[in-house]
Amino acid sequence: VQLRKIPLIMRVLIVEDSDSIVRMIQALMSARGFEVRSASSGARGLEEAFSWKPHVMLLDINLPGSYDGIQVCAKIRADKDLKDTPIIIISAMSDEEVKRRAHEAGATAYYEKPFSPLALLKEIESLQRRSGQW
């Protein structure tokens, strides 16, 4: 008997304090059948990530509260269950120093605002194909 692999629904966590950006990304991801949750602060994003175990995180750098996106990224990378989760930074910050710090913290990719929603979707779908899980 050959068991068919049941595809998982991809879980995407958006950690972003701009409601308009969250709504735009949610609409795009939901239309593709992804399950989407969002958090508007770094601390809330970490709580959501640790409890929900997303397959991909979209993360802003400038977040309200005690953790910025780079700190959130580093904490996710330090967690044994989440360390391999792709993290895509989406930020208005374009200087090379910030990009370097994001990549050092473990970011998978870096998109500058304004960004192309379709390019972001293609990135996530390629991560999905490479992982072979969905």
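How each quantity is defined
- Residues numbered from 1 in each chain as written.
- Predicted model: local features only at pLDDT ≥ 70, side-chain atom pairs only at ≥ 80, totals over all residues.
- Heavy atoms only, no water.
- Helix = DSSP H or I, 4+ residues; strand = E, 2+ residues; numbered from the N terminus.
- Rg over C-alpha atoms; globule rule 2.2 N^0.38 Å.
- Buried < 20%, exposed > 50% of the residue type's maximum accessible area, 1.4 Å probe, protein only.
- Contact = heavy atoms within 4.5 Å.
- Areas by Shrake-Rupley, 256 points an atom, 1.4 Å probe, with all protein chains shown as cover.
- Salt bridge = Lys/Arg side-chain N within 4 Å of Asp/Glu carboxyl O.
- Axes fitted to C-alpha atoms, helices over the stretch in contact; angles between N-to-C directions.
- Parallel < 35°, antiparallel > 145°, perpendicular 65-115°, else oblique.
- Left-handed = near helix turned anticlockwise from the far one by under 90°.
- Pairing = 2+ DSSP bridges.

(A) How the structure looks around the overall build of the protein. Within the protein, the regular secondary structure consists of 5 helices and 5 strands. In terms of C-alpha radius of gyration, the protein reaches 14 Å, essentially the compact-globule figure of 14 Å for 134 residues. Projected onto its principal axes, the C-alpha positions of the protein cover 55 × 30 × 25 Å. Counting over 134 residues, the protein shows a buried share of 46%. Counting only contacts in the protein whose residues sit at least 6 apart along the sequence, the fraction spanning at least 24 positions is 64%. Carbon and sulfur atoms make up 51% of the accessible area of the protein, which totals about 7300 Å².

(B) View of the pattern of salt bridges. Enumeration according to the criterion identifies 13 salt bridges in this entry. Measuring nitrogen to oxygen at the nearest pair gives 3.5 Å for the salt bridge that ties Lys113 to Asp60. Of this pair, Lys113 sits in the loop between strand 5 (109–112) and helix 5 (117–131) while Asp60 sits in the loop between strand 3 (56–59) and helix 3 (69–77), and the two are 53 residues apart along the sequence. Between Glu104 and Arg100 there is a salt bridge, and its shortest N-O distance comes to 2.4 Å. Separated by 4 residues within a single helix, Glu104 and Arg100 lie in helix 4 (residues 96–105), roughly one turn from each other. Residue Glu104 is classed as exposed on the basis of its relative accessible area of 59%. By relative accessible area, Arg100 is classed as partly exposed at 38%. Residues joined in a network through salt bridges with shared partners are Arg37, Arg44, Glu47 and Glu48.

(C) Up close: the packing of helix 2 (residues 42–52) against helix 3. With their axes 10 Å apart at the nearest point, helix 2 and helix 3 run at an angle of 25 degrees to one another. By the angle class used here, helix 2 and helix 3 are roughly parallel. Considering how the two elements wind past one another, helix 2 and helix 3 form a crossing that is right-handed. Each of Gly42, Leu46, Ala49 and Phe50 in helix 2 lies in contact with helix 3, whose residues at this interface are Val72, Lys75 and Ile76.

(D) Structural context of the sheet that holds strand 2 (residues 35–39). Pairing in this open sheet of 5 strands is parallel, and the strands run 2-1-3-4-5 from one edge to the other. At either margin of the open sheet sits one strand with a lone partner, and together these are strand 2 and strand 5. Geometrically, the sheet is characterised by an average inter-axis angle of 20 degrees between neighbouring strands, direction not taken into account. The pairing of strand 1 (residues 11–15) with strand 3 spans 4 bridges and is classified as parallel. When the sheet's bridge partners are listed, Ile14 is paired in strand 3 with Leu58. Of the strands in this sheet, strand 4 (87–91) and strand 5 touch helix 4, which is tilted by about 150 degrees from strand 5.

Keep in mind these numbers describe shape, not what the thing actually does.
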